[in-house]
Amino acid sequence: MELIQQNPDLSAYLAADEAIDHHRPAVRRMAAQLARGVEDSYGYARAAFEFVRDAITHSQDAGDPRVTWRASDVLEQRTGICYAKAHALAALLRAEDIPTALCYQRLAHDDGAGHVIHGLVAVRFRGAWHRQDPRGNKPGVNARFSLDGEHLAFVPDAGAGESDHPTLYAAPHPAVLSALRAAPDRARLWRTLPEAL
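Residue numbers here run from 1 along each chain, matching the order of that chain's written sequence. Residue-level local features of this predicted model are given only where pLDDT is at least 70; pairs of side-chain atoms are given and counted only at 80 or more, and the full residue set underlies all totals for whole chains, interfaces and linings. The side-chain quantities take in all heavy atoms of the structure and omit both hydrogens and water.

Asks: Just checking my understanding: could you explain the overall build of the protein chain for this structure?
Replies: Helix numbering and strand numbering both begin at the N terminus, where a helix is a DSSP run of H or I of at least 4 residues and a strand a DSSP run of E of at least 2. Scanning the protein chain for helices and strands turns up 7 helices and 8 strands. Its C-alpha atoms give the protein chain a radius of gyration of 15 Å, within 12% of the compact-globule value 16 Å for 197 residues. By its C-alpha atoms, the protein chain is 45 × 35 × 30 Å across when sized along the principal axes. Throughout, exposure labels follow a simple rule: accessible area from a 1.4 Å probe, protein chains only, divided by the maximum for the residue type, with under 20% read as buried, over 50% as exposed, and the rest as partly exposed. Buried residues in the protein chain amount to 50% of all 197 residues. Throughout, a contact is declared for two residues whenever any of their heavy atoms are within 4.5 Å. A separation of at least 24 residues holds for 62% of the contacts in the protein chain among residues at least 6 apart in sequence. His is not counted, nor are the chain ends; Lys and Arg add positive charge and Asp and Glu add negative charge. Charge positions are represented by NZ for Lys, CZ for Arg, CG for Asp and CD for Glu. Placing the 22 positive and 25 negative side-chain charges of the protein chain at their respective mean positions leaves the two points 4 Å apart. All radius of gyration figures rest on C-alpha atoms, and the globule criterion is 2.2 Å times the number of residues raised to 0.38.

Structure (structure tokens):
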């Protein structure tokens, strides 16, 4: 699949916004901490990915009722669903001048009823975009950071109506942001997740 930049200006993928708030102190502190001891931007990107994947719980997996959506809140509360974790990773990477896009997949809903949009990121290295999924590993999910082939949490099954969206967004999709901001808790969010973009 060919990934398509929504915005041809690469600087858009370094920008801060309300959700990817890498200008905030919580994000800057964590970025500085992760940058210690790494040799280059690739090492930093891997460290940031592994931190978000492993140290920030996926709230559904952990049974955490809180809904986070701003990167700074995700980092402070250490929880979030896939979208929130993608926002946190994008903020950490952009804080170190690594172009990062938000991207999405359409997957079968966990409860088997219909479909849901799943969020992940793409990083720009070696003149190309590389998708990464920081949602958090669990039995049956083994996502890894890689620039040599994808190692994502999920591979869409076209026969089940699942698909990859090729668009690389500079900001969270409005449907995703709206669902996150409106949900009072994760249980309600789970019932209002977007089914399509």
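Asks: Sorry if this is basic, but what is going on with the nonpolar core here?
Replies: The tendency in soluble globular proteins is for nonpolar side chains to be buried side by side. If you look at the biggest cluster of nonpolar residues, it comprises 48 residues, and the most contacted ones within it are Y44, F51, L75, Y83, L92, L93 and L102. Those elements giving two or more residues to this core turn out to be helix 1 (25-35), helix 2 (41-55), helix 4 (71-77), helix 5 (82-95), strand 4 (100-108), strand 5 (115-125), helix 6 (174-182) and helix 7 (186-192). Sorting elements by how many residues they give to this core places helix 5 first, with 11 residues. Residues belong to one nonpolar core when they are buried, are Ala, Val, Leu, Ile, Met, Phe, Trp, Tyr or Cys, and are joined through side-chain atoms within 4.5 Å. Ranked by size, the runner-up nonpolar core spans 11 residues in total, among them Y13, A101, L168 and A170.

Asks: What exactly am I supposed to notice about the packing of aromatic side chains here?
Replies: Each aromatic ring pair is specified by the distance between its two centres and by the angle formed by the two planes. Only the six-membered ring of Trp is used, alongside the rings of Phe and Tyr, when aromatic pairs are assigned; centres must lie within 6.5 Å, and planes under 30 degrees apart are stacked while those over 60 apart are edge-to-face, with the rest tilted. The full count for this structure, using the stated rule, is 6 aromatic pairs. Seen in terms of ring centroids, Y104 and Y169 are 5.6 Å apart; in terms of plane orientation they differ by 65°. Their pairing is edge-to-face. Of the two residues, Y104 is situated in strand 4 and Y169 in the loop between strand 8 (167-168) and helix 6; the sequence distance between them amounts to 65 residues. Residues Y104 and Y169 agree in their burial class; the two are buried.

Asks: Sorry if this is basic, but what is going on with the pattern of salt bridges here?
Replies: Pairs may arise between side chains of opposite charge once their charged atoms sit close together. Each salt bridge in this description consists of a side-chain nitrogen of Lys or Arg and a carboxyl oxygen of Asp or Glu lying within 4 Å of one another. The tally for this structure, following the rule as stated, stands at 12 salt bridges. The partner of D61 in a salt bridge is R135, and the shortest N-O contact between them spans 2.8 Å. With a gap of 74 residues between them, D61 in helix 3 (residues 59-62) and R135 in the loop between strand 6 (128-132) and strand 7 (163-164) connect regions that are remote in the sequence. Overlapping salt bridges, with partners in common, bring together E18, R70, D73 and R181 in one network.

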